[in-house]
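Analysis of the macromolecular model
This is what each chain is made of:
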Amino acid sequence: MKTMNEKVVVITGASSGIGKALAMEYARKGYRLALCARRHDRLMELKAGLEKQSATVFTMVADVSREDDCRKFIQLTLAEYGRIDILINNAGISMRALFRDLHLDVMRRLMDVNFWGTVYCTQFALPSLLQSRGSVVGVISIAGYIGLPGRTGYSASKYAVRGFLDALRTENLRTGLHVLVVAPGFTATDIRSHALLADGTPQGSTPRDEGKMMSAGTVARKIASAVEKRKSSLILTFMEGRLTVFLNKWFPSLVSKLAYNHMAKEPDSPF
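First things first, this report covers the structure right here in the doc. Because the structure is a prediction, the values reported are computed rather than measured.

Cut-offs applied
- Residues numbered from 1 in each chain as written.
- Predicted model: local features only at pLDDT ≥ 70, side-chain atom pairs only at ≥ 80, totals over all residues.
- Heavy atoms only, no water.
- Helix = DSSP H or I, 4+ residues; strand = E, 2+ residues; numbered from the N terminus.
- Rg over C-alpha atoms; globule rule 2.2 N^0.38 Å.
- Buried < 20%, exposed > 50% of the residue type's maximum accessible area, 1.4 Å probe, protein only.
- Contact = heavy atoms within 4.5 Å.
- Areas by Shrake-Rupley, 256 points an atom, 1.4 Å probe, with all protein chains shown as cover.
- Lys, Arg positive; Asp, Glu negative; His and termini not counted.
- Charge placed at Lys NZ, Arg CZ, Asp CG, Glu CD.
- Disulfide = S-S within 2.5 Å.
- 1 Å grid on protein atoms, 1.4 Å probe; cavity = no way out; pocket = protein on both sides within 12 Å on 5 of 7 lines; lining within 4 Å.
- Points joined across faces, edges and corners; volume = space filled by probe spheres on them.
- Nonpolar A, V, L, I, M, F, W, Y, C, P; charged D, E, K, R; others polar.
- Salt bridge = Lys/Arg side-chain N within 4 Å of Asp/Glu carboxyl O.
- Phe/Tyr/Trp six-rings, centres within 6.5 Å; stacked < 30°, edge-to-face > 60°.
- Patch = residues over 30% accessible without salt bridge, like charges linked within 9 Å, V, L, I, M, F, W, Y side chains within 5 Å.
- Expected span 1.5 Å × (residues − 1).
- Core = buried A, V, L, I, M, F, W, Y, C linked by side-chain atoms within 4.5 Å.

With respect to the overall build of the protein chain
Secondary structure assignment for the protein chain yields eight helices and nine strands. The C-alpha radius of gyration of the protein chain comes to 18 Å, within 12% of the 18 Å expected for a compact globule of 271 residues. Principal-axis analysis of the C-alpha atoms places the extent of the protein chain at approximately 50 × 40 × 35 Å. In the protein chain, buried positions account for 54% of the 271 residues. Looking at the protein chain alone, contacts between residues at least 24 apart form 70% of all its contacts between residues at least 6 apart. Of the accessible surface of the protein chain, which amounts to about 12,900 Å², a share of 53% is contributed by carbon and sulfur atoms. Between the mean site of the 37 positive side-chain charges and the mean site of the 24 negative ones, the protein chain shows a separation of 7 Å.

Next comes the structure, spelled out in structure tokens:
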């Protein structure tokens with residue numbers, strides 16, 4: 001195990017998927033961990049597994065859409081460890097419905113978790129991150145670069161996170177704060193099975209072949225490497241990631257048609 005001299009990484013949405021993989025990756029690297037998620041049982045299971053590997057882990061059940069939960073999580077992390085070196089805003093939810101059918105409460109929920117959760121945690125952790133000249137990471141999606149049909153709330157929230165963090169990076173050009181925006185592309189996690197339908201109920205199953213997607217572990221390793229290199233952005237996958245973002249700069253109408261056709265092929269597509 002590589003010793004990181006008592007450095008601390010904070011990860012939201014840590015009980016599954018990319019968040020869980022990030023916790024395992026940073027435990028392997030010797031970081032002290034502060035993890036939050038909404039699901040107590042999964043969080044405790046992860047904590048027990050990491051502690052068996054001699055990791056130092058602080059956990060808190062928290063809903064990042066609640067400002068007070070985020071404030072308390074960061075305050076307790078600082079009380080426990082005294083510092084924060086990396087904040088990874090990973091917690092997020094998705095949706096799958098046409099906007100014309102969408103209950104507006106679903107849109108609010110997407111913004112509260114994906115955007116405001118990132119804003120809250122970053123605000124409260126910022127003084128410590130400035131002191132440590134640390135890193136703020138936002139996990140977005142290709143939907144934060146390309147407007148995906150049937151995902152209006154998801155795209156809006158991820159665009160908002162990207163704009164917020166890009167502005168924060170520019171604001172801190174002379175402070176030493178590092179800001180990284182990560183767009184993983186389609187990753188094999190349970191985010192699609194928990195995606196909200198038009199009325200706010202969970203979808204319950206994924207409309208995609210998860211076996212053909214990048215694993216959460218691979219994404220976690222690439223994020224950790226990008227943090228170490230203090231990159232400003234990381235777009236994963238080629239066809240559905242970097243190439244799509246590049247083409248959208250020059251041929252936006254073409255990319256819109258391709259995105260529509262691609263999403264329309266999903267089983268039980270809403271359009």
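There's plenty left to go through after this.
Digging into the state of the cysteines
Per the counting criterion, the structure on display carries zero disulfides. Cys 36 carries a free sulfur, and the closest cysteine sulfur to it, the one in Cys 121, is 5.9 Å from it. Free cysteine: Cys 121, not disulfide-bonded; nearest cysteine sulfur from Cys 70 at 3.6 Å. On the accessibility criterion, Cys 121 (0% relative accessible area) is buried.

Quick notes on empty space enclosed by the protein
As enumerated under the stated definition, the model contains one cavity of 30 Å³ or more in all. Considering only enclosed or pocket space, the largest cavity measures out at about 30 Å³ in volume. If you trace the largest cavity, you find it lined by Thr 12, Val 64, Asn 89, Ala 91, Val 113, Asn 114, Gly 117, Thr 118 and Cys 121. The element contributing the most residues to the lining of the largest cavity is helix H4 (residues 104-132), with five residues. When the residues that make up the lining of the largest cavity are grouped by side-chain class, the tally is four nonpolar, five polar and no charged.

Thoughts on the pattern of salt bridges
What the rule picks out here adds up to 14 salt bridges. Of the charged contacts, one joins Arg 108 and Asp 105 as a salt bridge, the two residues approaching to 2.7 Å between their closest N and O atoms. Taken as a pair, Arg 108 and Asp 105 lie in helix H4 at a separation of three residues, close to a single helical turn. Taking relative accessible area as the criterion, Arg 108 reaches 49% and is therefore assigned partly exposed. Accessibility expressed as a relative area gives 55% for Asp 105, which makes it exposed.

Some details on the packing of aromatic side chains
Evaluation of the coordinates by the stated rule reveals six aromatic pairs. Residues Tyr 260 and Phe 271 carry aromatic rings whose centres are separated by 4.7 Å and whose planes lie at 45° to one another, so their mutual orientation is tilted. Residue Tyr 260 is located in helix H8 (residues 252-264), and its partner Phe 271 is located in the segment after H8; the two are separated by 11 residues in the primary sequence. Taking relative accessible area as the criterion, Tyr 260 reaches 41% and is therefore assigned partly exposed.

Brief notes about unusual backbone geometry
We note that Ser 54 has phi near 70°; this positive angle belongs to a residue other than glycine. Looking at the element boundaries, Ser 54 is found in the loop between helix H2 (40-52) and strand S3 (57-61). With a relative accessible area of 61%, Ser 54 lands in the exposed category. Positive phi values are uncommon outside glycine, yet Arg 133 reaches one of about 55°. Of note, Arg 133 is situated in the loop between H4 and strand S5 (135-139). On the accessibility criterion, Arg 133 (51% relative accessible area) is exposed.

What to know about the environment of Val 227
By the element assignment, Val 227 lies in helix H6 (residues 216-228). On the basis of relative accessibility, which here comes to 6%, the residue Val 227 falls in the buried class. Taking the C-alpha atoms as reference points, Val 227 and Val 181, separated by 46 residues in sequence, lie 10.0 Å from one another.

Notes on a positive patch on the surface
A surface patch of like charges, here positive, comprises Arg 221, Lys 222, Lys 229, Lys 231 and Arg 242. With respect to the helices and strands, Lys 231 occurs in the loop between H6 and strand S9 (233-235).

Observations regarding helix H1 (residues 17-28)
Its 12 residues place the ends of H1 17 Å apart at the C-alpha level, agreeing with the 16 Å of an ideal helix rising 1.5 Å per residue. For H1, the full list of buried residues reads Ile 18, Gly 19, Ala 21, Leu 22, Ala 23, Glu 25, Tyr 26 and Ala 27. At the C-terminal side of H1, Gly 30 shows a positive phi close to 95°.

Remarks on the nonpolar core
Counting residues in each nonpolar core, the largest one holds 52 residues, and the members touching the most others are Val 10 and Phe 73. At the level of elements, strand S1 (8-12), strand S2 (32-37), S3, helix H3 (67-81), H4, helix H5 (152-171), strand S6 (178-183) and H8 are the ones that each hand at least two residues to this core. If you tally residues by element for this core, the top one is H4, at 11 residues. Tyr 31, Leu 46, Val 219 and Ile 223 belong to the second largest nonpolar core, which has 34 residues in total.

Any functional reading would require information beyond the geometric quantities listed.
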